[in-house]
Amino acid sequence: MASGKLLRQLIKSGTLGDVAGFRVASEAVIKEEREKNHHLLANDLERLLYGSHSLLSVGNRSQYMLADAPVNKDNGLPLLEERPVVREENDIILSDMAQSVLDEVLMEHNREDMLRSYGLLPVQKLLFCGPPGCGKTLAAEVIASALSLPLVLIRLDSVISSLLGETAANLRKVFDYISAQPVVALFDEFDALTKDRGDSADHGELKRSVNAVLQMMDGYRGESILIATTNYESLLDRAIWRRFDEVVRFELPNSEQIKRLLSLKLSGIRRNFDIDDQQVASMFEGMSHADVERILRRAIKDMILSGKEFLETKHLNAALAREYRHGS
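All values derive from a computational prediction rather than experimental measurement.

**What to know about the sheet that holds strand β6 (residues 246-249)**
Turning to step 1, where the next piece is worked out: Across the sheet, six strands lie side by side as β1-β3-β4-β5-β2-β6; this open sheet has mixed pairing. Each edge of the open sheet carries a strand with a single partner, namely β1 (80-83) and β6. Ignoring which end each strand starts from, the neighbouring axes of this sheet average 25 degrees apart.
Turning to step 2, where the next piece is worked out: Where strand β2 (residues 125-129) meets strand β5 (residues 225-230), five bridges bridge the pair, whose relative direction is parallel. What sits directly across from L127, in β5, is A228.
Turning to step 3, where the next piece is worked out: Sheet contacts for helix α6 (residues 136-146): β2, β3 (151-154), β4 (184-187) and β5; angle to β2, the most-contacted strand, approximately 150 degrees.

Now the structure itself:
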């Protein structure tokens, strides 16, 4: 439970309609719960605070928009949007290979001065590939958190235009912005912007956008870290691959990673089963990290609402059965 001081601050700001104060107090509560290893509770609180139906994200959405963000001149929509950074390095479970690359990226940027003294630069352009829900966006957030940089999402719904030359013009605004100040710039679903130019199904404007991206990545000289993610690497234009310093493949968790994920997400939850039990881990075989977290959240809610003190395998089975019903 959050401290009395935080609760008083939270209630006071809420009753006074102090949105900024309410956000600060809420984020402090979330941080306190995460420090207690109550990760699932902290994650749920984050969704309530930042979710699409939250007053903070709808009624006061401008708080999360960059004050000087470039906009699409046709509809006035911002081309970039800042995302809250709340996850840290201990909140992510990756394969040894992906974790190794992530560690190297952070080390290079933390020791940038040493590299520059030898005429070298830290990696700046990363491509994250893999199935949905396996940590690509989370890894971008972890990098932003570890390096104390803002996480800026490039809004492809605003960038991509059917008007001749407008997509390239929007991209120029984006690259000008991220070149002017250091951020972690996240190009999510990058394949929507850089599909293979041999695909006859795409219209000419998208083909021109691929050329624009190639040129701007070649000419990029800023200090921001550019991260592109895709669930469909086979759709990417072949010329785009060599523009990245590192390509990182995110995979579905194996048995040992599932056990580590269960240990992380069930920390602080009383249970009557052993997380290291192979039978428990095998229940989640073939699932993504996001799938596992969603099922655990359902199981814990079932435990709470049924008045039980311990999480049992029957709660996991019920949550899994619901997942399979939804997936069918």
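**Notes on the pairing of β4**
Turning to step 1, where the next piece is worked out: Side-chain alternation along β4 places V184 and L186 on one buried face and A185 and F187 on a second face that is also buried.
Turning to step 2, where the next piece is worked out: Inspection of the sheet shows β3 paired to β4 by three bridges, in the parallel sense. Its bridge partner lying in β4, L151 is registered against V184.
Turning to step 3, where the next piece is worked out: Examined bridge by bridge, β4 and β5 share four bridges and lie parallel to one another. Bridge pairing in β5 links A185 to L226.

**Side note on the packing of aromatic side chains**
Turning to step 1, where the next piece is worked out: Within the structure shown, the criterion is met by five aromatic pairs.
Turning to step 2, where the next piece is worked out: Ring centres of F175 and Y220 lie 6.3 Å apart, and the angle between their planes is 70 degrees; this geometry places the pair in the edge-to-face category. Residue F175 is located in helix α8 (residues 166-180), and its partner Y220 is located in the loop between α9 (204-219) and β5; the two are separated by 45 residues in the primary sequence. Neither residue differs from the other here; F175 and Y220 are each classed as buried.
Turning to step 3, where the next piece is worked out: Where F187 meets F190, the ring centres are 5.9 Å apart and the plane angle is 80 degrees; that geometry is what we call edge-to-face. Side by side, F187 and F190 carry an identical accessibility label, which is buried.
Turning to step 4, where the next piece is worked out: Pairwise contacts between aromatic rings join F175, F187, F190, Y220 and F244 into one cluster.

**As for the nonpolar core**
Turning to step 1, where the next piece is worked out: If you look at the biggest cluster of nonpolar residues, it comprises 31 residues, and the most contacted ones within it are I178, F187 and F190.
Turning to step 2, where the next piece is worked out: With six residues, the top contributor of residues to this core is α9.
Turning to step 3, where the next piece is worked out: Grouped together as the second largest cluster of nonpolar side chains are 27 residues, F128, L138, L153 and L186 included.

**Remarks on the pairing of β5**
Turning to step 1, where the next piece is worked out: With six of six residues buried, β5 is to be regarded as a mostly interior element.
Turning to step 2, where the next piece is worked out: Covered by surrounding structure in β5 are I225, I227 and T229 together with L226, A228 and T230, the residues of both alternating faces.

**Comments concerning helix α1 (residues 4-15)**
Turning to step 1, where the next piece is worked out: With 12 residues, α1 should cover 16 Å at 1.5 Å per step; its first-to-last C-alpha distance of 16 Å lies within 8% of that length.
Turning to step 2, where the next piece is worked out: Remark: G17 follows α1 within two positions and exhibits a positive phi of approximately 70 degrees.

Rules behind the numbers
Residues numbered from 1 in each chain as written. Predicted model: local features only at pLDDT ≥ 70, side-chain atom pairs only at ≥ 80, totals over all residues. Heavy atoms only, no water. Pairing = 2+ DSSP bridges. Helix = DSSP H or I, 4+ residues; strand = E, 2+ residues; numbered from the N terminus. Axes fitted to C-alpha atoms, helices over the stretch in contact; angles between N-to-C directions. Contact = heavy atoms within 4.5 Å. Buried < 20%, exposed > 50% of the residue type's maximum accessible area, 1.4 Å probe, protein only. Phe/Tyr/Trp six-rings, centres within 6.5 Å; stacked < 30°, edge-to-face > 60°. Core = buried A, V, L, I, M, F, W, Y, C linked by side-chain atoms within 4.5 Å. Expected span 1.5 Å × (residues − 1).

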